[in-house]
Structures are given as structure tokens and as C-alpha cells.
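Read off the chains here:
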Amino acid sequence: MKALRAHRRGGPDQLVLEDAPIPVPAAGEVLVEVHAAAITPAELGWDLSWQTRDGADRTPVIPSHEVSGVITEVGTGVAGVAAGDEVYGLVDFDRNGAAAEFVAMPASALAVKPVKATHVEAAALPLAALTAWQALVDQAGLHGGEQVLVHGGAGGVGVYGVQLARALGAHVIATDLPQNEAFVRDLGAAEFLDYTTERFDERLSGLDVVLDAVGGETLARSYGVLRPGGRLITLAAPPDQAVADRHRVRALFFVVRPDHDELGRIAAAVDEGSLRPIVSEVFPLAEGRAAFEHGRGPRRPGKIILRVRP
Ligand SMILES: NC(=O)c1ccc[n+]([C@@H]2O[C@H](COP(=O)([O-])OP(=O)(O)OC[C@H]3O[C@@H](n4cnc5c(N)ncnc54)[C@H](OP(=O)(O)O)[C@@H]3O)[C@@H](O)[C@H]2O)c1
């Protein structure tokens, strides 16, 4: 099969389109014919993109961990899916990704693709929408009527954080660059703050939940805008528990994981119209290196997608 691979750790310049063996699905896995895959520009900087969890080198590697495609082969011990099913999912970061004509992955890491989404649109969902879901539903337990602040509402996670929080019936306040205000309001934000000119911590207080995918100073200023007992979900870096205790808030960090049931609920939300996949740019697989280079600079909101089959 054709695959985008890197033989040595590095940046996009290491990526080459070449022939690679079609993977063989192990027990519990399926083989997916890839139609579209999404890249995460930062992934080439993560240790797990190059190593196993035990630290062993696993080059040559295939990047891009979000996939939408069609099952062509089912490994032993897999129930509930069959060859021909249109599926989408999240490939674990410590194994070969989906920038290739085929990817093998656990059946538990995918679900039936939203019917109303194209493969390109479905590939824009798994990592960021699962992160937003696990942050707001599993970690924060957000419910209707609560006030939630989403930092970076036009960001990869933020676009789904705003939409899900709105769908859960929350009052959504989002920050981002001023040129993204109309877009973020259209996703469901009732209030918008320009983070380049407005200090959110001088404007807001008594909130129930903060979703922080920015970290640094943004995280440091977030504890104080919550009510006592409020929940701060932080994704870029773990929180400071001493500061959280001082503000009497719950501060939580977690790492997103593939989840069949949650992917199913996300697909249902897309088909019901309460969640819209956000695609930034589409590149053919052969231009995978250019896609990663594009991801380093300023870009439109949404995921960068590799189209593998027309
Ligand atoms: N723990 C997990 O499981 C998990 C999962 C997914 C992602 N993450 C992490 O979450 C972070 C964000 O990921 P992403 O894919 O959402 O990245 P992203 O697409 O770059 O989104 C970040 C957003 O925040 C905005 N932003 C930057 N500085 C800001 C500030 N001071 N105040 C408010 N907004 C600001 C950015 O706007 P600009 O246009 O100005 O850059 C952008 O819209 C990364 O560190 C990633 O590694 C963690």
C-alpha cells in the first residue's frame, strides 16, 4: 500500500510517500480501508509518535491518528462490525496511524461513521470531539443551565467544546482571536471575549466549568473565575492542586482515549444536527508533508485532512 512514513525522528521533512506492507489485523482488531485521515500538527513532537510505551524505537512510523473509512477485514474475536461497514475512529498514538491506504486498529476504537458526514468530515471528529466529550461529560459532568468558559473556542478542541456545551444546555462563554468571533458565536457561544485585548479573569466570576486547552498563564488565571466547587478541566498541562485547593475548585487533567460508545454518541449528535464537524483544509495523501508544514502556521479553524481515496 502507499503510506506516508518517517524513518527518522524529526519534523515534516522526514515524511515520504512510499510503499509499505498492508498491516494484518490482530485479535480484536479490524483492517480499515482509509478514505480520509486527520493530522495533528503537533503529533510529530510526541514521544509516542516514535516509540512504544516501553520506549522502544518503532520507526518507520505512519502518522495521523484519526480515520474514516470502510472495514475490509475483521480479526478474530471481533463482534458487532463486519467488512463493508463505514466507520470512523481514533488510532492509539503508540501505533501506526492512518496516513496510508489501510490501517489496522482495535474494533473498540471505532464506531459507525455519522451518516450525514462525508469521510472527510468524519475524520475531523475523533480526537478533538472525543476530548471535548470526555472533558465536559465524563470529567466535568456539565449539565443544562451551567455557565462554562471555553478557552480557544475556534481551536481544535474548542470548536467541539463550544458545540457540546451548548447542546448540553449550558451558557457558553468563549475566548479566541477577534476574527473568529462570528464563527465561534455561530457554533453556540452566547458570549465572546477577544483574548488579545480582554482579560477574562477581570470580566468573569462564579462560573461552573472552565475548559482550558491553552495552559500557561491562561490556566493560571482560570482557577479564580470559578465558583467554589466549580470544575476546571485542563488539557495542555496538569493543574496546580495547591492553587485549586486555595480556590476550593476541582481541577482535573486527563488524556483522551478511544471509546466506541462515545464515538457512537458523537456520530448520533452529528446526525441529529447538534454537532458539526469542522474541516480546515484538505490535502491529498501524496501531499502529506505539505499538510504537516501547513499546520505549523496560522490557519483556518478546524482539522487538516488527508484525502486518501477520492
Ligand atoms: N489531554 C488531552 O487528551 C488532549 C487532547 C487534545 C488536545 N490536547 C492539548 O490541548 C491543546 C490544544 O489542542 P488543540 O488541538 O485544541 O490546539 P489548537 O487548535 O491550536 O487550539 C488552541 C486554541 O487556543 C487559542 N489560544 C491561543 N492562546 C490563547 C489564549 N491565551 N487564550 C485563549 N485562546 C488561546 C488558539 O488561537 P490562535 O489561533 O491564536 O492560536 C486556538 O484557537 C494542545 O496542547 C494539545 O496537546 C490535549
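Structural data are supplied above this passage.
My aim in this report is to walk through the structure given alongside it, one point at a time. Not measured: the values here are computed from a predicted model.

Across the interface, helix H2 (residues 126-139) lies against helix H3 (residues 158-167) with an axial gap of 8 Å and an inter-helix angle of 45°. In terms of orientation, H2 and H3 fall into the oblique class. Where H2 crosses over H3, the two elements pack in a sense that is right-handed. Of the residues in H3, those in contact with Ala128, Ala129, Ala132, Trp133 and Leu136 of H2 are Tyr160, Gly161, Leu164 and Ala165. Residues belonging to the contact of H2 with H3 are distributed by class as follows: eight nonpolar, one polar and no charged.

On to the site of the ligand. Around the ligand, a shell composed of 19 residues is seen, among which Gly156, Val157, Tyr195, Phe254 and Val256 lie nearest. Measuring from a nitrogen atom of the ligand, one finds a backbone N or O atom of Gly152 at 3.4 Å. Within the backbone of Val157, an N or O atom sits 2.9 Å from an oxygen atom of the ligand. Relative to its unbound accessible surface of 920 Å², the ligand loses 67% to contact with the protein. Per-class residue counts for the shell around the ligand are eleven nonpolar, six polar and two charged.

Time to look at the pattern of salt bridges. In the structure shown here, the tally under the stated rule is 21 salt bridges. Between Arg199 and Glu202 there is a salt bridge; the shortest N-O distance is 3.3 Å. Arg199 gets classed as partly exposed once you look at its relative accessible area, which sits at 37%. Taking the relative accessible area as the measure of exposure, Glu202 reaches 62% and is therefore exposed. Arg300 is the salt-bridge partner of Glu281, the closest N and O atoms lying 4.0 Å from each other. Separated by 19 residues along the polypeptide, Glu281 in strand S14 (residues 279-284) and Arg300 in the loop between helix H9 (288-294) and strand S15 (303-307) bring together distant segments of the chain. A residue is classified by how much of its surface remains accessible, and Glu281, at 23% relative accessible area, is partly exposed. Taking relative accessible area as the criterion, Arg300 reaches 51% and is therefore assigned exposed. Salt bridges linked by common partners bring Arg199, Asp201, Glu202, Glu217 and Arg221 together as one network.

The rules behind the values
- Residues numbered from 1 in each chain as written.
- Predicted model: local features only at pLDDT ≥ 70, side-chain atom pairs only at ≥ 80, totals over all residues.
- Heavy atoms only, no water.
- Axes fitted to C-alpha atoms, helices over the stretch in contact; angles between N-to-C directions.
- Helix = DSSP H or I, 4+ residues; strand = E, 2+ residues; numbered from the N terminus.
- Parallel < 35°, antiparallel > 145°, perpendicular 65-115°, else oblique.
- Left-handed = near helix turned anticlockwise from the far one by under 90°.
- Contact = heavy atoms within 4.5 Å.
- Nonpolar A, V, L, I, M, F, W, Y, C, P; charged D, E, K, R; others polar.
- Near = heavy atom within 4 Å.
- Polar contact = N/O pair within 3.5 Å; in protein donor to acceptor, adjacent residues only side chain to side chain.
- Areas by Shrake-Rupley, 256 points an atom, 1.4 Å probe, with all protein chains shown as cover.
- Salt bridge = Lys/Arg side-chain N within 4 Å of Asp/Glu carboxyl O.
- Buried < 20%, exposed > 50% of the residue type's maximum accessible area, 1.4 Å probe, protein only.

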